[in-house]
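Structural features, examined
Read off the chains here:
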Amino acid sequence: LLEKQKVLYDVSSKLEVDEVDVINALESIKSDIQKKEEELASLRIKTVIKEITDKSDYNPASRDPNIIDMDFSKSKVVSSMDIKNMGKAGDDLRGHFKGKNTFIVFGNIINKKPVMVLQATDDLIKKGIDCGMIAGEVSKKIKGGGGGKPGFAQLGGSDPESLPGAIKFVKNKVLEILNEKK
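My aim in this report is to walk through the structure given alongside it, one point at a time. (Residues numbered from 1 in each chain as written. Predicted model: local features only at pLDDT ≥ 70, side-chain atom pairs only at ≥ 80, totals over all residues. Heavy atoms only, no water.)

Quick word on the pairing of strand S1 (residues 66-71)
- Bridge analysis of S1 against strand S2 (residues 102-110) gives six bridges, and the strand direction is parallel. Of the residues in S2, the one forming a bridge with Ile67 is Phe103.
- Viewed along the sheet, the connection from S1 through helix H3 (residues 83-96) into S2 turns out right-handed. (Pairing = 2+ DSSP bridges. Helix = DSSP H or I, 4+ residues; strand = E, 2+ residues; numbered from the N terminus. Right-handed = clockwise from strand over helix to strand, strands pointing away.)

So this is what it looks like as structure tokens:
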């Protein structure tokens, strides 16, 4: 009991609160950390969107698809982007490029495993693009699984070395499907 009392005293001293307020202080700190993590995730998403839209040379008059790909594991700024926020970034980009034949393929290595997000604008879906079907095919490349709907899919695997090839496979598959439909 004396050891536990000393730990409680040390914690309350470090937090600069009375011993009875330690739990409330820890909950407050936890809440603050969660808010900061959400703000950081939002900034990462905005950074990705800006980077992609700034370097996009997509010509709306072109009949070619606008394929946006990004391997977050190669980025110094957003390498820690999780799959949920990759999806949010894709949603924002899909809205930005609405009606502009846009396909998005994002990949990252999280906990030493590859993850991917695929998204397509409605106009590409009408031309035969199905993210869920493509995810089923590419998941074999990364030794994993996944799926989704025509406009959105996500997948994960076990072979991190396969991510660059998987992204390239998806890009080629999209072009192949669109060329078949012409």
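With respect to the sheet that holds strand S4 (residues 145-148)
- With mixed pairing, five strands are arranged side by side in an open sheet as S1-S2-S3-S5-S4. The open sheet is flanked by S1 and S4, the only strands paired with a single partner. Between one strand axis and the next, the sheet turns through 10° on average, direction left out of account.
- Direction of pairing for S4 relative to strand S5 (residues 152-156): antiparallel, over a ladder of four bridges. Its bridge partner being in S5, Gly146 is matched across the sheet by Leu155.
- On top of the sheet, helix H5 (residues 131-141) reaches S2, strand S3 (113-120), S4 and S5; it is set at about 15° to S5, its chief contact. (Axes fitted to C-alpha atoms, helices over the stretch in contact; angles between N-to-C directions. Contact = heavy atoms within 4.5 Å.)

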